Each structure stands twice: as structure tokens, then as C-alpha cells.
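# Understanding the architecture of this molecule
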Amino acid sequence: MSFEGLPKGSCAKKTSFRDSIYFWEIVRGLGVTIGHLVYNIFHTSEMPTLQYPEEKKIYSDRFRGRHRLMKREDGSPRCVACQMCATVCPADCINIDAAEHPDSEIEKFPETFVIDLLRCVYCGLCEEACPCDAIRLDTGIYEIAADSRDKFVVDKEFLLNDREHGSY
Ligand code: SF4
Ligand code: SF4
């Protein structure tokens, strides 16, 4: 190997025995760690840790949580089964069966409206595509859990009525 062009003595620096065993650096590092440990023990209120599940994180209003379907004043779904959300959904996880609405002012309504929450990527495109503001991801629910895959496939009744739960 050639050291030509390098300042004289740049490769000649010798590491002292004290530096070469890294002992003092290990002690210094442990000192910092133990310092933080002791400080945190006596200042628990300043720690950013959340005592989940007793304490829950509050996300911003813009957070996309589990879906819900909006209702009309009479309690029926606001959805007109136009299929815009199902068409735009990149995960292909919305399934809607449309039926003729008894009210002639409203063309259609969703006879079934199913979302597979395990396929959903919470992109929010369904919400943005909806012309009736009939589907929203503003429940704030993020802790979605169930004991079987089938329970993640939620239907119209569930989406219209459950505003609080993430565990089924
Ligand atoms: S949030 Fe995205 S992935 Fe989930 S149902 Fe809506 S469009 Fe599909
Ligand atoms: S939720 Fe909105 S976009 Fe989806 S089918 Fe109903 S009206 Fe159309």
C-alpha cells in the first residue's frame, strides 16, 4: 500500500494502551446510561411512555381510523351505492350490493356493504371518492383486534352503528 501524498506522520499515530482497550469509554457510556436510568426513576411523570392500555394515545383529527357509514336523519345509510369507493379502493376490500331504494328521490341504497379490514390499507381514498360523505375514517379507532379473520370482515350494520369498539 502506498501512502504517497499523505501528510507526513498521518499513519504513524499510535493508539495508547489505555485507548486500545476501550475500558474508559465503556465506563463513560455506562455512566450516561445509568444517569438516564436514575433520572427517569425519579422523574416518571416526564417520561414519554404511555401506560397502555390504561392510557390511550390521542391522535389528531386527521388520523384515519376504522371506517364508519354515515346515516340520514331517519337512520338509514346515506350511501347511494354508487360504487365509487369500491372502484377507487386500491386494496379491493369494499363489496357493495346495490338495491333499488323505495324512495323515488333516491335511486339506490346498499343492500349489503362489506369491508375486509384486514385488506384495507387505510389510504382514505374511499372517503375522498364518496360524493355523499357517506363513509368516513374518523372514528379514531386504531386498536383493531379479533380472534378470527372472519370477524375483520365487517358489514353494513356494524359500520352504521359501532362507533367505539375495535375488538370483536
Ligand atoms: S381506506 Fe383505502 S384501502 Fe381502505 S377501504 Fe378505503 S380505499 Fe380501500
Ligand atoms: S359510500 Fe359513498 S362512494 Fe361508496 S357506494 Fe356509498 S355513496 Fe358511493
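To start, this report covers the structure provided alongside it.

## Some remarks on the overall build of the protein chain
A count of helical and extended segments in the protein chain gives five helices and five strands. Starting at the N terminus and walking to the C terminus, you meet the elements of the protein chain as α-α-β-α-β-β-α-β-β-α. Computed over the C-alpha atoms, the radius of gyration of the protein chain is 29 Å, more than 25% above the 15 Å expected from 2.2 N^0.38 for a compact globule of 168 residues. By principal-axis analysis of the C-alpha atoms, the protein chain measures approximately 90 × 50 × 30 Å. Counting the 168 residues in the protein chain, one finds 12% classified as buried. Of all intrachain contacts in the protein chain linking residues separated by at least 6 positions in sequence, the fraction that spans at least 24 positions is 66%.

## Structural notes on the site of ligand 2
What surrounds ligand 2 is a group of 13 residues, the closest being Cys79, Cys82, Met84, Cys85 and Cys130. When the residues that make up the shell around ligand 2 are grouped by side-chain class, the tally is twelve nonpolar, one polar and no charged.

## Thoughts on helix H2 (residues 23-42)
Taking 1.5 Å of rise per residue, the 20 residues of H2 would be expected to cover 28 Å, and the 29 Å separating its terminal C-alpha atoms lies within 8% of that figure. Little of H2 sits out of view: just zero of its 20 residues are buried.

## Quick word on the nonpolar core
Formed by 17 residues in total, the largest nonpolar core has its most connected members in Leu69, Cys79, Cys85, Cys130 and Ile135. The greatest single-element share of this core, amounting to three residues, is contributed by strand E3 (residues 108-116).

## Side note on the sheet that holds E3
In space, the three strands of this open sheet follow the order E2-E3-E5, with antiparallel pairing throughout. Looking along the sheet, the strands with just one partner apiece sit at the ends: strand E2 (94-100) and strand E5 (153-154). Pairing of E2 with E3, which is carried by seven bridges, proceeds in the antiparallel orientation. Pairing of isoleucine 94 across the sheet is with isoleucine 115, part of E3.

## Topic: the environment of phenylalanine 158
In this fold, phenylalanine 158 is placed in helix H5 (residues 156-161). In this structure, the C-alpha to C-alpha distance between phenylalanine 158 and leucine 125, residues 33 residues apart in sequence, is 20 Å.

## A closer look at the environment of serine 76
Following the sequence through the fold, serine 76 ends up in the loop between strand E1 (68-69) and helix H3 (84-88). Residues serine 76 and alanine 145 lie 69 residues apart in sequence; the distance between their C-alpha atoms is 27 Å.

## Digging into unusual backbone geometry
At the junction of tyrosine 52 and proline 53, the peptide bond is cis and its omega measures out at 5° in the coordinates. Counting through the fold element by element, proline 53 comes out in the loop between H2 and E1. Even without being glycine, tyrosine 22 reaches a positive phi, approximately 60°. Looking at the element boundaries, tyrosine 22 is found in the loop between helix H1 (17-20) and H2. Residue tyrosine 22 is classed as exposed on the basis of its 11 C-beta neighbours within 10 Å. A positive phi is found at glutamine 83, a non-glycine position, where the angle reads about 75°.

## Some remarks on the pairing of E3
Two strands pair when backbone bridges link them, and E3 and E5 are joined in this way by two bridges, in the antiparallel orientation. Within E5, the position partnered with aspartate 116 by the bridge is valine 153.

Criteria and thresholds
Residues numbered from 1 in each chain as written. Chains lettered and ligands numbered in written order. Predicted model: local features only at pLDDT ≥ 70, side-chain atom pairs only at ≥ 80, totals over all residues. Helix = DSSP H or I, 4+ residues; strand = E, 2+ residues; numbered from the N terminus. Rg over C-alpha atoms; globule rule 2.2 N^0.38 Å. Buried ≥ 20, exposed ≤ 12 C-beta atoms within 10 Å, placed from the backbone. Contact = placed C-beta atoms within 7 Å. Near = placed C-beta within 6 Å. Nonpolar A, V, L, I, M, F, W, Y, C, P; charged D, E, K, R; others polar. Expected span 1.5 Å × (residues − 1). Core = buried A, V, L, I, M, F, W, Y, C linked by C-beta atoms within 7 Å. Pairing = 2+ DSSP bridges.

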